[in-house]
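So you can see what is in the structure, the chains are spelled out below.
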Amino acid sequence: LSKLVVAIDGPAGAGKSTVAKAVAQRLGLSYLDTGAMYRALALKAQRSGLGPDDGEAAASLGEASNIDFGQGDPQPVLLDGEDVTSQIRTMEIGELASALSAHTPVRRVLVKRQKELVQAGGVTLEGRDATTVIAPDADVKIYLTASLEERARRRHKELIVRGQQADYEEIKRLISERDHRDMNRADSPLRVAEGACVVETDGLSADEAVTRILELCESLKGSG
Ligand code: DC
């Protein structure tokens, strides 16, 4: 299974990171968080004074920057060598990442790198276009989702655990807007890819979702 590619897409707060990391670990695959790359670029854009409409300028910044991953849990995210792991995990950066990701020039820069990272295989990747654009030929394609309320609850808990301020109703509103933007942009909108399995996680623990995905990977091995 070492060259296996498992691609997972889904809306904000569906539990993609938790599940993708666990699947990668269980199968001995590397883990690629494509959203972290949009977030790192958004942070750099914000520092440069760019706003959500500055797609061309953000793409140029992206061309000129190094976005790398280190080893560890949480996996370190390195922007031009600087560890920005926790700085990119705010609602604000998530929003800017989502807005900038709607611009084709921005996607072009990051998708090219993501395809290179996936080319050799042996990876579990997650994002919004992992199953549709980055790795449409992945061995296993998953659309991981949950109700808006459940996702808002999880994101709320996550922010509180990190010691950040968080208001449930506000988070729910922001996630709903983000869903709308990610699903309705013209370039690579979030959608269920052809051949993808939809895994609905309301009422499922992370472990149960992971087990379900591992079963799909196993059945694939059986079918050759
Ligand atoms: O998964 P996340 O919340 O870290 O992603 C932040 C934003 O980045 C998301 O709202 C849309 C964008 N994104 C994308 O357009 N394509 C991806 N493959 C991953 C993320």
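Further up the page is the structure itself.
Residues numbered from 1 in each chain as written. Predicted model: local features only at pLDDT ≥ 70, side-chain atom pairs only at ≥ 80, totals over all residues. Heavy atoms only, no water.

Re the overall build of the protein
When you go through the protein residue by residue, the secondary structure sums to nine helices and eight strands. Compactness check: the protein gives a C-alpha radius of gyration of 17 Å against a globular reference of 17 Å for 224 residues, within 12% of the reference. Seen through its C-alpha atoms, the protein measures out along the principal axes to roughly 50 × 40 × 35 Å. Considering only intrachain contacts with a sequence separation of at least 6, the fraction spanning at least 24 residues in the protein is 75%. Of the roughly 10,600 Å² of accessible surface on the protein, 48% is carried by carbon and sulfur atoms. Of the charged side chains in the protein, 29 are positive and 35 negative; the average position of the first set lies 1 Å away from that of the second. (Helix = DSSP H or I, 4+ residues; strand = E, 2+ residues; numbered from the N terminus. Rg over C-alpha atoms; globule rule 2.2 N^0.38 Å. Contact = heavy atoms within 4.5 Å. Areas by Shrake-Rupley, 256 points an atom, 1.4 Å probe, with all protein chains shown as cover. Lys, Arg positive; Asp, Glu negative; His and termini not counted. Charge placed at Lys NZ, Arg CZ, Asp CG, Glu CD.)

Describing the sheet that holds strand β4 (residues 77-79)
Taken in spatial order, the three strands make up an open sheet running β3-β4-β5, and their pairing is antiparallel. Each edge of the sheet is formed by a strand with only one pairing partner; in this case those strands are β3 (67-69) and β5 (82-83). Note: β4 against β5, two bridges, orientation antiparallel. In the sheet register, L79 faces β5, and the bridge partner there is E82. Across the face of the sheet, helix α2 (residues 34-47) comes into contact with β3, β4 and β5 while running at roughly 35° to β4. (Pairing = 2+ DSSP bridges. Axes fitted to C-alpha atoms, helices over the stretch in contact; angles between N-to-C directions.)

Regarding the environment of L144
Here L144 lies in strand β7 (residues 140-145). The exposure class of L144 is buried, given its relative accessible area of 0%. L144 sits 54 residues away from V198 along the chain, and the two C-alpha atoms are 6.0 Å apart. If sequence neighbours within four positions are ignored, L144 has contacts with I8, D9, G10, P11, A14, G15, K16, V19, V199 and T201. (Buried < 20%, exposed > 50% of the residue type's maximum accessible area, 1.4 Å probe, protein only.)

What about the side chain of S101?
The topology assignment puts S101 in helix α4 (residues 91-101). Residue S101 is classed as buried on the basis of its relative accessible area of 5%.

Notes on the nonpolar core
If you look at the biggest cluster of nonpolar residues, it comprises 35 residues, and the most contacted ones within it are V5, I67, I88, L110, V118 and L125. Take this core: its biggest share by element is eight residues, from α2. Excluding its chain neighbours within four sequence positions, the residues that come into contact with V118 are V5, L32, V123, L125, I134 and A135. Grouped together as the second largest cluster of nonpolar side chains are 20 residues, V6, A20, A24 and Y31 included. (Core = buried A, V, L, I, M, F, W, Y, C linked by side-chain atoms within 4.5 Å.)

A look at the side chain of D129
With respect to the helices, strands and loops of the structure, D129 is situated in the loop between β6 (123-127) and α6 (130-134). In contact with D129, not counting residues within four places along its chain, are D9, R107, V111, I134 and S188.

As for helix α3 (residues 55-63)
Those residues of α3 that fall on the buried side of the exposure criterion are G55, A58, A59, L61 and G62. The buried residues of α3 occupy one face: seen down the axis, they fall within an arc of 160°. Across α3 from its buried face, at more than 90 degrees, point the exposed residues E56 and E63. Summarising the contacts, the buried residues of α3 are in contact with α2, α4 and α5 (104-119). (Arc of directions from axis to C-beta.)

Here's the deal with the packing of α2 against α4
Between α2 and α4, whose axes approach to 8 Å, the crossing angle comes to 100°. Between α2 and α4, the interaxial angle falls into the category roughly perpendicular. Contact residues: α2 offers Y38, R39, A42, L43, A45 and Q46, while α4 offers E92, I93, G94, L96, A97, L100 and S101. For the contact of α2 with α4, the class distribution of residues is eight nonpolar, three polar and two charged. (Parallel < 35°, antiparallel > 145°, perpendicular 65-115°, else oblique. Nonpolar A, V, L, I, M, F, W, Y, C, P; charged D, E, K, R; others polar.)

Points about the site of the ligand
The full set close to the ligand counts 15 residues, and R39, R107, R128, D129 and R178 are the nearest of them. R39 places a polar side-chain atom, nitrogen or oxygen, 2.6 Å from an oxygen atom of the ligand. D129 places a side-chain nitrogen or oxygen 2.7 Å from a nitrogen atom of the ligand. At the level of secondary structure, the elements contributing two or more residues to the shell around the ligand comprise α2, α4 and α8 (168-184). (Near = heavy atom within 4 Å. Polar contact = N/O pair within 3.5 Å; in protein donor to acceptor, adjacent residues only side chain to side chain.)

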